[in-house]
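Residues per chain are reported as follows:
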Amino acid sequence: MKPTIGEKTFQAFNYLFLIVAAATMLMPLLHLLAMSFSSPIAADSKEVFLWPVEFTTGAWTHVLQNAGLWRSFGITVYITVVGTALSMLFSILTAYPLSRKEFLIRKYVMFAIVLTMIFNAPMIPFFLTVRELGMMNSLWALIIPGLIGTFNLVIIRTFFMGLPKELDDSARIDGCNDFRILFQIYLPLSKAVMATVSLFYAVGYWNTFQRAVLFIRDQDLYPLQMKLRSYLVSPEELAAVNMFLGDYDFNTTTLKAATIIFATVPIILVYPYLQKYFVKGALLGSLKE
Amino acid sequence: MAELSADRTSGSGTKETDRSERPAPRKPGNRYVENVRKHWMLYVMILPGILFYIIFKYIPLAGSVIAFQNFQIFNGIFGSPWVGLDNFKFIFTYDDFYNVLRNTALIALYQLVFGFPAPIILALLFNEVRLMLAKRTLQSLFYLPHFLSWVVVGGVVFELLSNQGFVNAIREWFGYGPILYMQESRFFRTIVVISAIWKEVGWGTIIYLAAISSIDPSQYEAAVVDGANKWKQVIYITLPALFPTILILFLLNIGNFLELGFDQMFNLLTPMTYSVGDIIETYVYRAGVLQGQYSVTTAIGVFQSVIGFTLLWIFNRLARKSEQGLW
């Protein structure tokens, strides 16, 4: 059947709308990237669009020499690596029994866990609990209180439940216990889903903000997002020079742009890998019983 | 859950043959003891997870009782005096609270009216894209902002809307003077809703696209034979097929109606926009975490949860009348 004129018009407008909207997803970042490589005068005179004007690396040189920013970068890399590893370990260990029919209290535990998605504890009792545990100004406060994400847990559990039963029947005949079934049979079969969930956790740790606001007061322990926030609020601190006394090849506008891009680059770098897996993972999690 | 009962019945069916060496019939209560004994490894595995949920989810939930206390940090929950509903009475006599509640409710309502349908519409538009490569490329772009932090998105928003920012550059190009969007209260809520849609609309389509792809194509073929055009196909086939998904997501959404997301508001708010943008979460942070008014702010949190749950209960009842609810 040939498309009607109306359908053709719709198709044209649909493409146009989607392309323009998709461009707005990327353009703000490209704009800031262009800003970060532009001269301070060009940046402040609204000349920069998507391409640097009066190209200079001044802002980047200055930002990349900022020891505080690198320190926060290191802290975020640390909590991302350690946090993701611990989160994966404990999510897997929790998901496995919940996927086993012979685990008798399975449905009660699962109910109690899913219930926490609806009944969120208010902020203050959560804050007081973590503080009572002595985690104020400790990087553990950025890892332990969010160790298991319920959504991620459900993804892993759903995947485990879909694995064929015959697998562990034969393993049991060979004398495998549950730990060996999990680590030697299940895990090698679930590389893709593990990659997905690890990336979800890693992005979560990389972007962690609220918990840092609640629990980290010591500036030397600021993770990257908090450092970025403090520099965005007071860019003079980032500039660390008196702008009026001298001719610099950066200003607060270009510095802020460079810092935002600096904090985003790792996400952009893993994004191609990320998006290979996440759609599948996001769907697995939604198919709850 | 159905599997569990099936497992139990089949288990009792084989019990006689398997365990015939055990003459005494087991008491039902011992089922659990025996399960622990036989599958103790599963219990060892799940122990850290259960501890996590108890310590970081259920203890704080139980700790909400400080809303009914005059909580003093040195006396703890067990030593602080009980004050009944005094904290709740206090917040309702407090002008700031009404302002914060109004801001929260209004922004939540806008988010629901504009933010909730956005991914549904986008998914329907995606569905009309026939070129697979174009579809995939567009989707990748739309998913990207979901992975950026609100600090980054907030920074981007501030930069784009600043005096020398991109939006004002466009205004100047058309001959208008600059507007300081982030400092003026009249734009704030619009900016909140648009930036939230920008960040999450693409990600939100995933679940709807999956639901669309599971629709039987023969339905559309039959509709075409009956002379239905594209628009009628969407109205009479696609949307009805999406309805259960929409309903469930709506119910999950309404349960957290007043929870707008701390990260977004904290990163977009400035003292100049407190009058329109200070919401429960940012207020609780300042008054509770920073100023130490633990009991009053917990009462606000409890109030917030009660509203959320009441809405969920009401809408779930409504949903059950037409389709199915969450329970």
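See the structure printed just above.
Given the structure is predicted, the values throughout are model-derived calculations rather than measurements.

Definitions and cut-offs
- Within any chain, residue numbers begin from 1 and follow the written order of that chain's sequence.
- In the order they appear in the text, chains get letters beginning with A and ligands get numbers beginning with 1.
- In keeping with the model being predicted, local features are shown solely for residues with a pLDDT of at least 70 and side-chain atom pairs are shown and tallied solely at 80 or more, while totals for entire chains, interfaces and linings include all residues.
- Only hydrogens and water are set aside; all other atoms, that is, all heavy atoms of the structure, feed into the side-chain values.
- Only DSSP runs of H or I reaching four residues or more are called helices, and only runs of E reaching two or more are called strands; each is numbered from the N terminus.
- Only protein chains enter the area calculation, which uses a 1.4 Å probe; residues under 20% of their type maximum are buried, those over 50% are exposed, and those in between are partly exposed.
- Note on contacts: a residue pair is in contact if any heavy atoms of the two residues lie within 4.5 Å.
- The Shrake-Rupley method, run with a 1.4 Å probe sphere, supplies the accessible areas, and residue values consider only the shown protein chains as cover.
- Take the accessible area each of two parts loses on contact, using a 1.4 Å probe, and add the two losses: that sum is the buried area.
- Any carboxyl oxygen of Asp or Glu that lies within 4 Å of a side-chain nitrogen of Lys or Arg is treated as forming a salt bridge with it.
- Residues enter a nonpolar core if they are buried and are Ala, Val, Leu, Ile, Met, Phe, Trp, Tyr or Cys, with the set joined through side-chain atoms within 4.5 Å.
- Residue ranges labeled as domains rest on an automatic or database domain assignment.
- The definition of a polar contact used here is a pair of N or O atoms within 3.5 Å, where within protein one atom must be able to donate a hydrogen and the other to accept one, and adjacent residues in sequence count solely through side-chain atom pairs.
- Here the expected span of a helix is defined as 1.5 Å times the quantity of residues minus one.
- Between 30 and 60 degrees the pair is tilted, below 30 it is stacked and above 60 it is edge-to-face, where a pair is any two Phe, Tyr or Trp rings, Trp via its six-membered ring, whose centres lie within 6.5 Å.
- Charges are assigned to positions over rings by a cutoff of 6 Å between ring centre and Lys NZ or Arg CZ, combined with an angular limit of 35 degrees from the ring normal.
- Orientation is described by axes fitted as lines to C-alpha atoms, over the contacting stretch for helices, and by angles from 0 to 180 degrees between their N-to-C directions.
- To sort the angles, those under 35 degrees are grouped as roughly parallel, those over 145 as roughly antiparallel, those from 65 to 115 as roughly perpendicular, and the leftovers as oblique.
- A crossing counts as left-handed when the near helix is turned anticlockwise from the far one by less than a right angle, and as right-handed when that turn is clockwise.

A. Broad picture of the overall build of chain B. Along its length, chain B carries 17 helices and zero strands. Counting over 327 residues, chain B shows a buried share of 46%. Within chain B, contacts between residues separated by at least 24 positions form 64% of all contacts whose residues are at least 6 apart in sequence. Accessible surface, chain B as shown: approximately 16800 Å² in total, 65% of it carbon and sulfur.

B. View of the interface of chain A and chain B. Counting from both sides, the interface comprises 98 residues of chain A and, opposite them, 91 residues of chain B. Broken down residue by residue, the surface that chain A buries against chain B is led by Met 25, Lys 46 and Leu 104 of chain A, which jointly contribute 9%. The interface formed by chain A and chain B contains two salt bridges. For Lys 256 of chain A, the salt bridge identified is with Glu 159 of chain B, shortest N-O distance 3.3 Å.

C. Quick peek at the nonpolar core. Of all hydrophobic cores here, the largest spans 178 residues; its most connected members are Phe 160, Leu 182 and Phe 278 of chain A together with Phe 142 and Phe 147 of chain B. Ranked by residues supplied to this core, first place goes to helix H11 (residues 185-213) of chain B with twelve residues. Looking at which domains feed residues into this core, each of domain 1 (5-65 + 224-262) and domain 2 (67-215) of chain A supplies at least three. For Leu 182 of chain A, the residues in contact, after removing those within four places along its chain, are Ile 92, Leu 93, Tyr 96, Phe 160 and Leu 187 of chain A together with Met 45 of chain B.

D. Quick peek at the side chain of Ser 190 of chain A. Residue placement: Ser 190 of chain A occurs in the loop between helix H9 (178-189) and helix H10 (191-206). Those residues within four positions of Ser 190 of chain A in sequence are excluded, and the remaining contacts are Phe 159 and Phe 160 of chain A.

E. Structural context of the pattern of salt bridges. In the structure shown here, the tally under the stated rule is eleven salt bridges over all chains. Across the salt bridge formed by Asp 169 of chain A and Lys 165 of chain A, the nearest N and O atoms sit 3.8 Å from each other. Linking Asp 169 of chain A with Lys 165 of chain A, this pair stays in helix H8 (residues 165-173), spanning four residues, or about one helical turn. Residue classification places Asp 169 of chain A among the partly exposed residues on the basis of a relative accessible area of 38%. Close ionic contact of Glu 184 of chain B with Arg 186 of chain B constitutes a salt bridge, the shortest N to O distance being 2.8 Å. Assessed through its relative accessible area of 28%, Glu 184 of chain B is described here as partly exposed.

F. Fine view of the side chain of Ser 87 of chain A. All names here are of chain A. By secondary structure assignment, the location of Ser 87 is in helix H4 (residues 67-98). For Ser 87, a relative accessible area of 0% gives the class buried. In this structure the side chain of Ser 87 is engaged in a polar contact, spanning 2.7 Å, whose partner is the backbone oxygen of Leu 147. Discounting chain neighbours no more than four positions away, the residues touching Ser 87 are Gly 146, Leu 147, Tyr 201 and Tyr 205.

G. Molecular detail of unusual backbone geometry. All names here are of chain A. Positive phi outside glycine occurs at Glu 54, with the angle close to 50°. Positionally, Glu 54 belongs in the loop between helix H2 (40-44) and helix H3 (58-64). A residue is classified by how much of its surface remains accessible, and Glu 54, at 47% relative accessible area, is partly exposed.

H. Representation of H4 of chain A in the model. Compared with the 46 Å implied by 1.5 Å per residue over 32 residues, the 46 Å span of H4 of chain A between its first and last C-alpha is a close match. The opening residue of H4 of chain A, the one whose side-chain oxygen lies 2.9 Å from the backbone nitrogen of Gly 68 of chain A, is Asn 66 of chain A.

I. Just the packing of aromatic side chains, in detail. Applying the stated rule across the entire model yields 38 aromatic pairs over all chains. Considering the side-chain rings of Phe 37 of chain A and Phe 55 of chain A, the 5.4 Å spacing of their centres and the 5° angle between planes classify their relative orientation as stacked. One end of the pair, Phe 37 of chain A, is in the loop between helix H1 (5-36) and H2; the other, Phe 55 of chain A, is in the loop between H2 and H3, with 18 residues separating them in the sequence. Given the relative accessible area of 57%, Phe 55 of chain A is considered exposed. Aromatic pair Phe 97 of chain B and Phe 303 of chain B: ring centres 5.7 Å apart, planes at 75°, arrangement edge-to-face. In this pair, Phe 97 of chain B is assigned in helix H6 (residues 95-115) and Phe 303 of chain B in helix H17 (residues 294-322), connecting sequence segments 206 residues apart. Both residues of the pair, Phe 97 of chain B and Phe 303 of chain B, belong to the buried class. Through successive ring pairs, a cluster of aromatic residues spans Phe 200 and Tyr 271 of chain A together with Tyr 143, Phe 147 and Trp 203 of chain B. Sitting over the ring of Tyr 32 of chain B, Arg 31 of chain B keeps its end group 5.0 Å from the ring centre. The residue whose ring lies beneath Arg 286 of chain B is Tyr 274 of chain B, and the NZ or CZ to ring-centre distance is 4.3 Å.

J. Here's a closer look at the environment of Phe 278 of chain A. Looking at the secondary structure, you find Phe 278 of chain A in helix H14 (residues 252-286). For Phe 278 of chain A, a relative accessible area of 1% translates into the label buried. Residues Phe 278 of chain A and Ile 144 of chain A lie 134 residues apart in sequence; the distance between their C-alpha atoms is 24 Å. Leave out the neighbours within four places in its chain, and Phe 278 of chain A touches Thr 196, Phe 200 and Tyr 271 of chain A together with Tyr 143, Phe 147, Trp 203 and Ile 206 of chain B.

K. Quick peek at H10 of chain A. Across its 16 residues, H10 of chain A extends 22 Å between first and last C-alpha, which sits within 8% of the 22 Å expected from 1.5 Å per residue. When H10 of chain A is considered as a whole, its buried residues turn out to be Val 193, Met 194, Thr 196, Val 197, Leu 199, Phe 200, Tyr 201, Ala 202, Val 203, Tyr 205 and Trp 206 of chain A.

L. Structural view of the packing of H8 of chain A against H9 of chain A. Residues and elements named next belong to chain A. The contact between H8 and H9 brings their axes to 11 Å, and the two run at 140°. With respect to their mutual orientation, H8 and H9 come out oblique. The element H8 and its partner H9 pack so that their crossing is right-handed. In this structure, H8 contributes Leu 167, Asp 168, Ala 171 and Arg 172 to the contact, and H9 contributes Asp 178, Ile 181, Ile 185, Tyr 186 and Leu 189.

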